[in-house]
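Analysis of the macromolecular model
Chain by chain, the residues run as shown.
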Amino acid sequence: MQIPARLWVSFTPSAPPRGGLGGRHTRWKARTLAVYHRHLLLLALLLASPALARAEDISPRPVPRFEPAPCPKLQGAEELAKASCGYLVVPENRRQPNGRTIRLMVAKYPARSAENRPDPVVYLAGGPGDIAPLEVNGLIAADFIRDRDILVMSQRGTMFSEPALTCAASDHFSRELLGLRFYSEATKRAHLAATEACHRDLAATGADLSAYNSTESAADLADLRKVLGFDAWNVY
């Protein structure tokens, strides 16, 4: 850090009073020491300020938390254009609260009626694991619920969550399944091979696969209600 020149100049004490080592000289020494102490304190504060600012910048942010963000675009989920979106940030594994975090996309569709009730509806996608904004799109377009906001969250590991635990081997098997005989031994072997390949690929990403389950998803929804400040909501 560069110290202004005028600060260095101000460190230079005035000349001692003439007249020997009497009381005036003692008072001069006391004043000079006081000036030095003040300047040293000021210098210490100036040098410490950037370090304190850096410490604040790197301090961990609270978890769970909500981070506003633009809504994604998805064919078949055009109602997202009318929503406001963001991400719920939660621990990947709540048994390791200081471990890594994940981000779950949240969309809020505003009530159509002027009489908006305070307790929203939270829509749970099927599966679990379906694409939530795509699944709820028809419900929103049909104007099924008019007097409440509707909240939708992409469950952990699904599309629009981060990380999205998508799997090329599983997708390839799903396409091939159209031409395979159901419940045959060959189909079972192909399914098991795709599942094993999927597990290897996802484990290699560093994701804690044991944390992607219904218990953690339920805790995610509880955290969402708290961070958004709702005392109660309606689960649909």
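Everything discussed here concerns the structure shown above.
In this report, the structure presented in the accompanying data block is examined.

So, about the sheet that holds strand β2 (residues 84-91). Taken together, the six strands give an open sheet; going across it, the order is β1-β2-β3-β5-β4-β6, and neighbouring strands pair in mixed fashion. This sheet does not close on itself; its edge strands, each paired only once, are β1 (65-69) and β6 (234-235). In this sheet, β6 lies alongside strand β4 (residues 121-123) in parallel orientation, the contact comprising two bridges. The partner of V122 across the bridge, within β6, is V235. Contacting β3 (101-109), β4 and β5 (150-153), helix α3 (residues 132-141) runs over the sheet at an angle of about 160° to β5.

Applying the stated criterion across every chain yields a total of 18 salt bridges. For the salt bridge of R100 with E92, the shortest nitrogen-to-oxygen distance reads 3.0 Å. Among the residues examined, R100 registers a relative accessible area of 37% and is labelled partly exposed. The class for E92 is buried, based on a relative accessible area of 4%. Note that D223 and R94 form a salt bridge whose closest N and O atoms lie 2.8 Å from each other. Pair noted here: D223 is in helix α6 (residues 214-228) and R94 is in the loop between β2 and β3, with a separation of 129 residues, a long-range link. Note on R94: relative accessible area 25%, which makes it partly exposed.

Taken as a whole and judged by the stated rule, the model has two disulfides. Each sulfur in the disulfide pair C71 and C85 lies 1.9 Å from the other. The sign of the 100° torsion about the S-S bond sets the C71-C85 disulfide as right-handed. Here C71, found in the loop between β1 and β2, pairs with C85, found in strand β2; they are 14 residues apart in sequence, far enough to count as distant. The exposure class of C85 is buried, given its relative accessible area of 8%. For the protein chain, the disulfide bridges join cysteines in the arrangement 1-2, 3-4, where the cysteines are counted in sequence order.

Conventions adopted
- Residues numbered from 1 in each chain as written.
- Predicted model: local features only at pLDDT ≥ 70, side-chain atom pairs only at ≥ 80, totals over all residues.
- Heavy atoms only, no water.
- Pairing = 2+ DSSP bridges.
- Helix = DSSP H or I, 4+ residues; strand = E, 2+ residues; numbered from the N terminus.
- Contact = heavy atoms within 4.5 Å.
- Axes fitted to C-alpha atoms, helices over the stretch in contact; angles between N-to-C directions.
- Salt bridge = Lys/Arg side-chain N within 4 Å of Asp/Glu carboxyl O.
- Buried < 20%, exposed > 50% of the residue type's maximum accessible area, 1.4 Å probe, protein only.
- Disulfide = S-S within 2.5 Å.

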